[in-house]
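Letter by letter, the chains look like this.
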Amino acid sequence: MIVRIMGEGQVRLADSHLADLNKLDDELLAEMENGDGPGFRRTLHALLAKVRELGEPLPDDSLEPSELILPSPDATLQEVRDLLSDDGLIPG
Amino acid sequence: MKRMGMIFRAKANKALDRAEDPRETLDYSYQKQLELLQKVRRGVADVATSRKRLELQLNQLQSQSSKLEDQGRKALALGREDLAREALSRRSALQQQVTDLETQHSTLQGEEEKLTLAAQRLQAKVDAFRTKKETIKATYTAAQAQTRIGEAFSGISEEMGDVGLAIQRAEDKTAQLQARAGAIDELLASGALDDQSGMHKDDIQAELDRLSGGTDVELELQRMKAELAGGSSASQQAIEGGTGQSQSQQQPQDTPRFDKQ
């Protein structure tokens, strides 16, 4: 599975790690919905650290799309909400 | 997590659906990629400019801070604790600004590094895309094209979306910093903070100058009094005769200090 960390690039992760990551992702989603800023930051950093640790960076010239896209470590709650909204922040 | 992955892909497919001949889309996308690459490079340069401006201001603030410290010391030496306190409290306000600017400086540095890396990644991907694009066009069959173009597209459009956001963030941060940097420049220009040229004098410096100027006047008065007491005929002579010689003859006895000047 290929995962992108926004602003950092892509890594390849074994599918077996997905369950672990999903747990953190559920926490993250709950914290986002509750507007828990500090919790959100903590969980996001934990999630990204795990992805970086378990993942193998893709070469720069790879053109493979990611299956998952994770926000950058300094993304705010609002930015992530915007990303998930219909319009999104992504230009084009 | 799944939801985030879908945002980018949905958009890439939309772009593809719009085009009648997918090959045109390839060229169009490649143009967009080159434009974005230019934009990232400009972004890196802009952030570097802001960083350098911040460094300049930090230097100015720091030299102002050490100047205030000197003033405080001098004021204390002249027995003006109130003035020394004023100088030191201004210095601590300044130090706060220095700390603030240092934080911003490291933010900008981080931003610069991130954008530089983003530019490298995008360059590699754009090159790979160009190769793939030419291959697809050379061996084009309508049945194949849709899938292969789709694959190349979603990879690069994801990168473009990411890089586009990174630039936007860097621009926002730079704009915020520039507004603040402008405010500090104004402060420096107004003389509220003394600039390094020494053209403007702040009020503490003026007071110190006045104080030490006063000391000089006192010394001068003492010297003159001593001179007069030394012999009225001699000074009378000096005034009437106006020769430098008679003056210098008199000085060693009365005012050794004058001699050094």
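Residues numbered from 1 in each chain as written. Chains lettered and ligands numbered in written order. Predicted model: local features only at pLDDT ≥ 70, side-chain atom pairs only at ≥ 80, totals over all residues. Heavy atoms only, no water.

### As for the overall build of chain A
Selection criterion: Elements are defined by DSSP. Helices are runs of H or I of four residues or more, strands are runs of E of two residues or more, and each kind is numbered from the N terminus. Contact definition: two residues touch when any of their heavy atoms are within 4.5 Å. For the area figures, the Shrake-Rupley method with a 1.4 Å probe applies, and any residue is considered shielded solely by the protein chains shown.
Counting its regular elements, chain A contains 3 helices and 4 strands. Secondary structure of chain A in N-to-C order comes out as β-β-α-α-β-β-α. When contacts within chain A are restricted to residue pairs at least 6 apart in sequence, those whose partners lie at least 24 apart make up 68%. A total accessible area of about 4,600 Å² is found for chain A, and carbon and sulfur atoms account for 50% of it.

### Observations concerning the packing of aromatic side chains
Filter applied, for reference: Each Phe, Tyr or Trp ring, with Trp reduced to its six-membered ring, pairs with another whose centre is within 6.5 Å; inter-plane angles below 30 degrees give stacked pairs, above 60 give edge-to-face pairs, and intermediate values give tilted ones. The criterion for a charge sitting over a ring is simple: Lys NZ or Arg CZ within 6 Å of the ring centre, and within 35 degrees of the ring normal.
Following the criterion strictly, the structure yields 0 aromatic pairs over all chains and no others. Lying over the aromatic face of Tyr 30 of chain B, Lys 133 of chain B brings its terminal NZ or CZ to 4.9 Å of the ring centre.

### Thoughts on the pairing of strand β1 (residues 2–5) of chain A
All names here are of chain A. Applicable threshold: Each residue gets one of three labels from its accessible area relative to the maximum for its type: buried under 20%, exposed over 50%, partly exposed in between, using a 1.4 Å probe on protein chains only. By definition, two strands form a pair when at least two bridges between them are found by DSSP.
In β1, alternate side chains face the same way, and those of Ile 2 and Arg 4 on one face and Val 3 and Ile 5 on the other are all buried. Of the strand pairs in this sheet, β1 and strand β2 (residues 9–12) are connected by 4 bridges, and their pairing is antiparallel. Directly across from Val 3, in β2, lies its bridge partner Val 11. Hairpin connection between β1 and β2: a loop of 3 residues separates the two successive antiparallel strands, and Gly 7 in this loop has a positive phi of roughly 85°. Pairing of β1 with strand β4 (residues 68–70) involves 3 bridges; the strand directions are parallel. Among the inter-strand pairings, Arg 4 is bridged to a residue of β4, identified as Ile 69.

### A short note on the packing of helix α1 (residues 18–34) of chain A against helix α2 (residues 37–54) of chain A
Residue and element names in this part refer to chain A. Cut-off, in case you're wondering: Every axis corresponds to a line fitted to the C-alpha atoms, with the helix fit spanning only the stretch in contact, and the corresponding angles, defined between N-to-C directions, vary from 0 to 180 degrees. The scheme is simple: roughly parallel for angles under 35 degrees, roughly antiparallel for over 145, roughly perpendicular for 65 to 115, oblique for anything else. When the near helix sits turned anticlockwise from the far one by under a right angle, the crossing is termed left-handed; a clockwise turn instead gives a right-handed crossing. Amino acids outside the nonpolar list (Ala, Val, Leu, Ile, Met, Phe, Trp, Tyr, Cys, Pro) and the charged list (Asp, Glu, Lys, Arg) are all regarded as polar, and Gly is one of them.
Packing of α1 against α2 brings their axes to within 9 Å, and their N-to-C directions diverge by 160°. With respect to α2, the element α1 is oriented roughly antiparallel. Between α1 and α2 the crossing geometry is left-handed. Where α1 approaches α2, its residues Asp 20, Leu 21, Leu 24, Glu 27, Leu 28, Glu 31 and Met 32 are matched on the opposing element by Gly 39, Phe 40, Thr 43, Leu 44, Ala 46, Leu 47, Lys 50 and Val 51. Taken together, the residues of the contact of α1 with α2 sort by class into 9 nonpolar, 2 polar and 4 charged.

In short, the description is geometric, and any link to function would need to be established separately.
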